[in-house]
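# Coordinate inspection notes
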Amino acid sequence: QLGMMITEAAKNLSEHISEIIVLDPTENCPAAQAGAKQIVGDFKDELAILKLAERSDIITYEIESGNTDVLSKLKAEIEPSPSTLSIIQDKLSQKTFLSENELPISQFYEITYLDNLREKINELGLPVLLKSRRDAYDGRGNFKITSPDEVEKAYQYFDGKSLMVEKFVNFKMEVSVIAARNTKGDIATYPLVENIHENNILKMTIAPARVSDNVIKDAGKIAKKTMEVLKGAGVFGIEMFIDQDDKILINEIAPRVHNSGHHTLQSCKTSQFEQHLRAILGLELGSTDLVHKTVMCNILGPDGFEGKYKPVQLEKDGVYLKMYRKDVSKPQRKLGHFNVVDLNDSKDVSELLEMADEIKNSISINQLD
């Protein structure tokens, strides 16, 4: 779906972009349905990546699991750079990089064997998060350990994968900053947003975040410094925690357009998708001003159902539905989102949240007859 929305945004930049080509393993993927040419293949398929490079002037990505070894050998321009991707792809190297650059994070360690995990838990105290270092998102690579009895189970759960352990942050809020850096080094950040998760998947984003001016200022500084040291061009999603003392800690960074930036399609002068294209093309970055308060809500596939589903329809003033044109619903799969937008600047956030909850409860994903 991120590729689909990038493809749609390219239409605003037609004087700079003649064609979008996507590499995706699913035939007639959402981006192809939005007008992109498609190469069908796995994100790590070397031949498919080479074919994409032959047809492209600039390569970018909307998922972290690409083959950096192959990407680093290509002569094509790649943004963000393969070196930036390789830092972020491995959660241990990402945290090490942030620590070395004196950016705020929770305490962490590499884990290489079971007793090593027990030692580090003794040092960190419970609870902790045991994490797969690679190929994990939406919480799929995390195991929260809350008691000594769970240590062995958690370790076995990852079945030999490379691991790290992190001190659990007793946060009062999850927030994020969507930030952009173009190839000339210009940096722009969007306003801080508040994120509400359920089962480790983003449920809702509130723009702007309901926090103090000091928190907004601190988060902006941290996001700007992160972009300066990472150096990659493009849009990045910088996920953060606010702890009980209003201290900000970086949780994770996504080197791509981000789910918590979908509100920008209606809330800001420049969407994150157009901004990403501007950044990698070396154009002037667009305005990141928040024009309308907005609540974004994800539409997820219901538990207990997998298959083709009836189209979702929604018509309500100030509400913008975006379905991702995926043929099949799966439990907790992101099928679409909607933005509830305060077009007249007449509502407070609590009213927008009430509207979002009402709409969410009125949407059902039903099997196609």
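These remarks concern the structure in this document. Model, not experiment: these values are computed from the prediction.

Because each turn of an α-helix spans 3.6 residues, side chains separated by three or four positions in sequence point in the same direction. Every buried residue belonging to helix 6 (residues 91-100) is among Lys 91, Leu 92, Gln 94, Lys 95, Phe 97 and Leu 98, and all of these are buried. Immediately beyond the C-terminal end of helix 6, within one or two residues, lies Glu 102, with a positive phi of roughly 55 degrees.

A word on the packing of aromatic side chains. All told, the structure shown has three aromatic pairs when counted by the stated rule. Aromatic side chains Phe 171 and Phe 241 sit 4.6 Å apart centroid to centroid with 5 degrees between the ring planes, which places their arrangement in the stacked category. Here Phe 171 is found in strand 9 (residues 171-181), whereas its partner Phe 241 is found in strand 13 (residues 234-243), with 70 residues between them in sequence. On the basis of relative accessibility, which here comes to 29%, the residue Phe 171 falls in the partly exposed class. Overall, Phe 241 belongs to the buried group, its relative accessible area being 12%. In this structure an aromatic cluster arises from ring pairing among Phe 143, Tyr 157 and Phe 158. When the ring centre of Tyr 109 is taken as reference, the NZ or CZ atom of Lys 120 above it lies at 4.3 Å. Sitting over the face of the ring of Phe 168, Lys 144 holds its NZ or CZ atom 4.1 Å from the ring centroid.

Reading across the sheet, the four strands line up as 5-8-6-7 and stay open at both edges, with antiparallel pairing between neighbours. Each of the sheet's edge strands pairs with one partner strand only, and the pair in question is strand 5 (108-111) and strand 7 (142-145). Across the sheet, the mean angle separating the axes of adjacent strands is 25 degrees when strand polarity is ignored. When strand 6 (residues 128-132) meets strand 8 (residues 163-167), the two strands line up antiparallel, connected through five bridges. Note that in strand 8 the partner of Leu 130 across the bridge is Val 165. In the packing of helix 6 onto the sheet, contacts are made with strand 5, strand 6, strand 7 and strand 8, and the angle to strand 5 comes to roughly 145 degrees. Across the sheet, helix 7 (residues 114-124) touches strand 5, strand 6, strand 7 and strand 8, and the angle it forms with strand 5 is around 170 degrees.

Ranked by size, the top nonpolar core spans 29 residues in total, and within it Ile 17, Ile 20, Val 22, Val 257, Phe 273 and Leu 277 carry the most contacts. Of all the secondary structure elements, the ones that give two or more residues to this core are helix 1 (2-10), helix 2 (30-33), strand 9 and helix 11 (272-281). It is helix 1 that provides the largest number of residues to this core, a total of six residues. Discounting residues that sit within four places of it in the chain, Leu 277 has contacts with Ile 6, Ala 9, Ala 10, Leu 13 and Ile 17.

Here the residue pair Leu 126 and Pro 127 is connected by a cis peptide bond, since its omega of 0 degrees sits within 30 degrees of zero. Within the secondary structure, Pro 127 sits in the loop between helix 7 and strand 6. Here the residue pair Ala 207 and Pro 208 is connected by a cis peptide bond, since its omega of 5 degrees sits within 30 degrees of zero. Relative to the helices and strands, Pro 208 is located in the loop between strand 12 (201-207) and helix 9 (213-230). Its identity is not glycine, yet Asp 345 carries a phi of approximately 55 degrees, on the positive side. On the secondary structure map, Asp 345 appears in the loop between strand 19 (334-341) and helix 12 (349-362). Note on Asp 345: relative accessible area 60%, which makes it exposed.

Okay, the packing of helix 1 against helix 11 next. One way to put it is that helix 1 packs onto helix 11 with a least axis distance of 8 Å and a crossing angle of 70 degrees. One finds that helix 1 runs roughly perpendicular with respect to helix 11. Where helix 1 approaches helix 11, its residues Leu 2, Met 5, Ile 6, Ala 9 and Ala 10 are matched on the opposing element by Phe 273, Glu 274, His 276 and Leu 277.

What follows is about helix 12. Helix length check: helix 12, at 14 residues, gives a terminal C-alpha distance of 20 Å against a target of 20 Å (1.5 Å per residue), a fit within 8%. By the burial criterion, the buried members of helix 12 are Val 349, Leu 352, Leu 353, Met 355, Ala 356 and Ile 359. One side of helix 12 holds all its buried residues, which, seen down the axis, span an arc of 160 degrees. Exposed residues pointing more than 90 degrees away from the buried face of helix 12 are listed as Glu 354, Glu 358, Asn 361 and Ser 362. Buried residues along helix 12 sit in contact with strand 12, strand 15 (294-300), strand 17 (319-323) and strand 19.

Attention shifts here to the pattern of salt bridges. If you walk through the whole model with that rule in mind, you get 20 salt bridges. A salt bridge links Arg 118 to Asp 115; the shortest N-O distance between them is 2.9 Å. Here Asp 115 and Arg 118 lie together in helix 7, a separation of three residues that amounts to about one turn. With a closest N to O distance of 3.0 Å, Asp 342 and Lys 293 form a salt bridge. Note that Asp 342 is positioned in the loop between strand 19 and helix 12 and Lys 293 in the loop between helix 11 and strand 15, a separation of 49 residues in sequence. Given a relative accessible area of 2%, Asp 342 falls into the buried group. One continuous salt-bridge network, built from bridges that share partners, spans Lys 91, Lys 95, Lys 131, Glu 166 and Glu 252.

Reading the values: the criteria
Residues numbered from 1 in each chain as written. Predicted model: local features only at pLDDT ≥ 70, side-chain atom pairs only at ≥ 80, totals over all residues. Heavy atoms only, no water. Buried < 20%, exposed > 50% of the residue type's maximum accessible area, 1.4 Å probe, protein only. Helix = DSSP H or I, 4+ residues; strand = E, 2+ residues; numbered from the N terminus. Phe/Tyr/Trp six-rings, centres within 6.5 Å; stacked < 30°, edge-to-face > 60°. Lys NZ or Arg CZ within 6 Å of the ring centre and 35° of its normal. Pairing = 2+ DSSP bridges. Axes fitted to C-alpha atoms, helices over the stretch in contact; angles between N-to-C directions. Contact = heavy atoms within 4.5 Å. Core = buried A, V, L, I, M, F, W, Y, C linked by side-chain atoms within 4.5 Å. Parallel < 35°, antiparallel > 145°, perpendicular 65-115°, else oblique. Expected span 1.5 Å × (residues − 1). Arc of directions from axis to C-beta. Salt bridge = Lys/Arg side-chain N within 4 Å of Asp/Glu carboxyl O.

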